[in-house]
Amino acid sequence: MSTKIRDSANGMPCQIRLIGICNHDPRTTVWAHANGSAAGKGIGMMSHDLLGSYACSNCHDIYDRRV
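We now turn to the structure provided with this report.

1. Details of the overall build of the protein chain
Piece 1. A count of helices and strands for the protein chain gives 2 helices and 2 strands.
Piece 2. The linear arrangement of helices and strands in the protein chain, starting from the amino end, is α-β-β-α.
Piece 3. With 67 residues in all, the protein chain has 28% of them scored as buried.
Piece 4. By sequence separation, contacts in the protein chain at least 24 residues apart represent 55% of the contacts at least 6 residues apart.

Right, here's the structure in full:
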C-alpha cells in the first residue's frame, strides 16, 4: 500500500546516517517505520506511518535488523 508519507521518501537524503553504513544515495531512500512496541509495532504489524524517518537502503537494513 502506498501513502503520501511513504512516497515522499523518494529522492530524499537519509536521516539515519549510520557512520560507515550509510550509502548517502537518495535513490535508495525509503520510509523506515519506527521500531518497538512503544511505536505500535508488534509481530506482523508496522508502526503508524507517521512514526518513522527517511532511510537509505543500507541504514534501513541495519535499523530493521536484516543485516
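2. Digging into the environment of cysteine 22
Piece 1. Relative to the helices and strands, cysteine 22 is located in the loop between helix H1 (4–7) and strand E1 (30–33).
Piece 2. The exposure class of cysteine 22 is buried, given its relative accessible area of 12%.
Piece 3. A C-alpha to C-alpha distance of 8.1 Å links cysteine 22 and serine 57, two positions 35 residues apart in sequence.
Piece 4. Among all residues touching cysteine 22, those that are not within four sequence positions of it are Cys14, Arg17, Cys56, Asn58 and Cys59.

3. Section: the packing of aromatic side chains
Piece 1. If you walk through the whole model with that rule in mind, you get 1 aromatic pair.
Piece 2. Here the aromatic rings of tryptophan 31 and tyrosine 54 are separated by 5.5 Å at their centres, their planes lie at 80 degrees, and the arrangement is edge-to-face. In this pair, tryptophan 31 is assigned in strand E1 and tyrosine 54 in strand E2 (residues 52–55), connecting sequence segments 23 residues apart. As far as burial versus exposure is concerned, tryptophan 31 and tyrosine 54 are alike and both buried.

4. Focus on the pattern of salt bridges
Piece 1. One pass over the full model with this rule turns up 3 salt bridges.
Piece 2. Its salt-bridge partner being aspartate 25, residue arginine 27 comes within 3.0 Å of it at the nearest N-O pair.
Piece 3. Where arginine 66 meets aspartate 64, a salt bridge forms, and the shortest distance between an N and an O atom there is 3.2 Å.
Piece 4. Residue class for arginine 66 comes out partly exposed when judged on its relative accessible area of 49%.

5. Topic: unusual backbone geometry
Piece 1. A positive phi angle, near 50 degrees, is found at arginine 17, a position not held by glycine.
Piece 2. With respect to the helices and strands, arginine 17 occurs in the loop between H1 and E1.
Piece 3. Its identity is not glycine, yet histidine 24 carries a phi of approximately 50 degrees, on the positive side.
Piece 4. On the secondary structure map, histidine 24 appears in the loop between H1 and E1.
Piece 5. Using a relative accessible area of 59% as the deciding quantity, one classes histidine 24 as exposed.

What counts, and where the lines are drawn
- Residues numbered from 1 in each chain as written.
- Predicted model: local features only at pLDDT ≥ 70, side-chain atom pairs only at ≥ 80, totals over all residues.
- Heavy atoms only, no water.
- Helix = DSSP H or I, 4+ residues; strand = E, 2+ residues; numbered from the N terminus.
- Buried < 20%, exposed > 50% of the residue type's maximum accessible area, 1.4 Å probe, protein only.
- Contact = heavy atoms within 4.5 Å.
- Phe/Tyr/Trp six-rings, centres within 6.5 Å; stacked < 30°, edge-to-face > 60°.
- Salt bridge = Lys/Arg side-chain N within 4 Å of Asp/Glu carboxyl O.

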